[in-house]
Amino acid sequence: MPIVANPGHVDAALERGLDGRGVSREDALSFMRDAPLGALLHTAAAVRDRFKGRSVSYSRKVFIPLTHLCRDYCGYCTFRADPQVGVRPYMTPDEVLAVAEAGRRAGCKEALFSLGDQPERIFPEAKEFLQTLGFDTTLEYLAAMSELVLTKTGLLPHSNPGLMGEKDLRRLRETNVSVGLMLESASPRLGRPGEAHWKAPDKVPALRLRTIETAGQLSMAFTTGILIGIGETAEERVDALLAIGAAYRKHGHIQEVIVQPFRAKPDIRMALAPEPSNEDLLRTIAVARLILGGEMNLQSPPNLLSQDYPDLLKAGINDWGGISPVTKDFINPEAVWPQISSLAERTAKAGFVLRERLAIYPEFMPGPEFTPAPESSSRPDFIHERLRPYVRKLQGGDGYARGESDPC
Ligand code: SF4
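Residues numbered from 1 in each chain as written. Predicted model: local features only at pLDDT ≥ 70, side-chain atom pairs only at ≥ 80, totals over all residues.

### Some remarks on the overall build of the chain
At step 1: Each helix and strand counted, the chain has 13 helices and nine strands in total.
At step 2: For 408 residues, the compact-globule estimate of 2.2 N^0.38 gives 22 Å, and the C-alpha radius of gyration of the chain, at 20 Å, lies within 12% of that figure.
At step 3: Expressed along its principal axes, the backbone C-alpha trace of the chain runs to roughly 65 × 55 × 40 Å.
At step 4: Counting only residues that meet the buried cut, the chain has 50% of its 408 residues in that class.
At step 5: Taking contacts inside the chain between residues at least 6 apart in sequence as the whole, the part at least 24 apart equals 76%. (Helix = DSSP H or I, 4+ residues; strand = E, 2+ residues; numbered from the N terminus. Rg over C-alpha atoms; globule rule 2.2 N^0.38 Å. Buried ≥ 20, exposed ≤ 12 C-beta atoms within 10 Å, placed from the backbone. Contact = placed C-beta atoms within 7 Å.)

Spelled out as structure tokens, the structure:
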């Protein structure tokens, strides 16, 4: 239980947080350490209600794990794999298309490409496969597969390929309506031997912040977030959220922030590490809401909290993330997604309306045929011109998915 060190200060800080424009580091630290949980959640939920109303969104997606090869060895990862005899290092174009097509038939509108980071830099098998198809890098192949899925199925690609340079981002901007890179942590300390990001050169926080910054310069709608319970301190957690908030205030391009809890699994280096408690998760989500302010879309995946997931709404989230009716969660394969019908039911029971959104949020799609949120009218154009017809086909007048699919 947190110790209430200075109730007067905490009350004043919560009062300041209520305006939904962000809070100082000092106030955020007092929320992490001292604020009574009930009062903190109440404040965060009030900010969410005022800026986002009672709608909670999700994206109907199909998950495309383009490659499990990765040059990093994060201590909590079950997704990555080293090359194996008899296993193709990447999905082939036909396989990619088959999965995307199954998603389209199931009413999905987002193709989520998830993959390891730059495997061709350490695995000759990866390089060889790419060269056979005429590519030098995984990110080039990803761009080609995004193009294939977009043009053949009309699904809107959203890619999470790890670090991206300016050239990579520019290329992906032509096929992806948004891209993502979890900051996870702003602490370089986690890269030390034995820590979660030991032997994970792509998890250097400064490099990840550079990708986020470059995407901002290119006006690309961006998803990021933090992973909690991987050895970071409360201060480091707050600093990661502040770094995300600073990038957002500079470029306005961060469309959503995910707060994701670490989950222990048998075959990982951190198999015996303690998981963050539900209280810790709720507290962190509420602090994220108050640091990032009322305009930010805040997400936490429902499948990582089992039956208690509606509690996440009490902490100020307004999005459940991508839910797949056809593919499992490849990052947390043990945690099944709730059925969309049950998600709608439980969201309604908590007093909210479930809305289906696209891989780009309504307020990130300006233009005469769309209705941008009032605060968003001065935002730059986040969508490449050639993607507009594809988005227009799937987006309704209020920016959510057109003719929202029946829950299944
Ligand atoms: S979490 Fe991502 S970067 Fe880390 S090992 Fe897994 S796939 Fe690679």
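### Brief notes about helix α10 (residues 278-292)
At step 1: In a regular helix each residue adds 1.5 Å, so 15 residues correspond to 21 Å; α10 covers 21 Å between its end C-alpha atoms and thus fits that length.
At step 2: Considered for burial, the residues of α10 that qualify are L281, L282, R283, T284, I285, A286, V287, A288, R289, L290, I291 and L292.
At step 3: Residue G293 follows α10 closely and has a positive phi angle near 90°. (Expected span 1.5 Å × (residues − 1).)

### Overview of the site of the ligand
At step 1: Neighbouring residues of the ligand: C70, D72, Y73, C74, C77, F79, R80, G116, D117, G162, A200 and D202.
At step 2: Of the residues assigned to the shell around the ligand, the class counts are six nonpolar, two polar and four charged. (Near = placed C-beta within 6 Å. Nonpolar A, V, L, I, M, F, W, Y, C, P; charged D, E, K, R; others polar.)

### Here we look at the pairing of strand β8 (residues 319-323)
The side chains of a regular strand alternate between both faces of the sheet.
At step 1: Among the five residues in β8, five count as buried, and that is most of the element.
At step 2: Where strand β1 (residues 55-67) lies against β8, three bridges are found, and the strand directions are parallel. Residue pairing for β8: R60 is matched across the bridge by I323. (Pairing = 2+ DSSP bridges.)

### A few points about the nonpolar core
At step 1: Membership of the largest hydrophobic core comes to 113 residues, with the highest contact counts inside it found for I64, I285, I360 and V391.
At step 2: Here the element with the most residues in this core is α10; it accounts for nine residues.
At step 3: Apart from residues no more than four positions distant in its own chain, I285 is found in contact with V259, L298, S300, L312, A315, G316 and I317. (Core = buried A, V, L, I, M, F, W, Y, C linked by C-beta atoms within 7 Å.)

### So, the confidence of the model for the chain
At step 1: Here the chain averages 93 in pLDDT, while 92% of its residues score no lower than 70.
At step 2: In the model, residues 368-374 has pLDDT below 50 throughout and makes twelve contacts with residues more than four positions away in sequence or in other chains. (pLDDT = per-residue confidence, 0-100.)

### Digging into the pairing of strand β3 (residues 156-160)
At step 1: With four of its five residues buried, β3 lies for the most part within the structure.
At step 2: Two elements, strand β2 (residues 110-115) and β3, share five bridges in a ladder whose sense is parallel. Across the sheet, residue S114 finds its bridge partner in β3, namely N160.
At step 3: Relative to strand β4 (residues 178-180), β3 runs parallel, the two being bridged by two bridges. Looking at the pairing, H158 lines up with S178 of β4.
At step 4: In terms of handedness, the path from β3 via helix α7 (residues 166-173) over to β4 forms a crossover that is right-handed. (Right-handed = clockwise from strand over helix to strand, strands pointing away.)

### Side note on the environment of M182
At step 1: Assignment of secondary structure puts M182 in the loop between β4 and α8 (205-217).
At step 2: For the pair formed by M182 and T224, sequence separation is 42 residues and the distance between their alpha carbons is 4.3 Å.
At step 3: The residues contacting M182, other than those within four sequence positions of it, are T224, G225, L227 and I258.

### A look at helix α9 (residues 234-251)
At step 1: Here α9 spans 26 Å end to end across 18 residues, near enough to the 26 Å set by a 1.5 Å rise per residue.
At step 2: Looking at the packing, one finds that the buried side of α9 touches α2 (25-33), α8, β5 (222-228), β6 (254-261) and α10.
At step 3: Looking one or two residues beyond α9, the residue adopting positive phi is G252, at roughly 65°.

### Notes on the environment of L169
At step 1: Structurally, L169 is set in helix α7.
At step 2: Leaving out residues up to four positions away in the same chain, L169 has contacts with M164, T214, A215, L218 and M220.

### With respect to the environment of L343
At step 1: As for its placement among the helices and strands, L343 is situated in helix α12 (residues 340-349).
At step 2: A sequence separation of 76 residues divides L343 from D267, and the C-alpha atoms of the two residues are 30 Å apart.
At step 3: Excluding anything up to four places from it in sequence, L343 contacts Y58, P302, W320, I323, P338 and L354.

### Observations concerning unusual backbone geometry
At step 1: The phi dihedral of E184 is positive, around 70°, even though this residue is not glycine.
At step 2: Looking at where E184 falls in the secondary structure, it is placed in the loop between β4 and α8.
At step 3: Given 26 C-beta atoms within a 10 Å radius, E184 is considered buried.
At step 4: With phi around 60°, K199 is a residue other than glycine that occupies positive phi space.

### Description of the packing of helix α1 (residues 7-17) against α2
At step 1: For the pair α1 and α2, the least separation of the axes is 10 Å and the interaxial angle reads 115°. The handedness of the crossing between α1 and α2 is left-handed. Mapping the contact onto sequence places H9, V10, A13, R16 and G17 in α1 and D27, S30 and F31 in α2.
At step 2: Grouping the constituent residues of the contact of α1 with α2 by class yields three nonpolar, three polar and two charged. (Axes fitted to C-alpha atoms, helices over the stretch in contact; angles between N-to-C directions. Left-handed = near helix turned anticlockwise from the far one by under 90°.)

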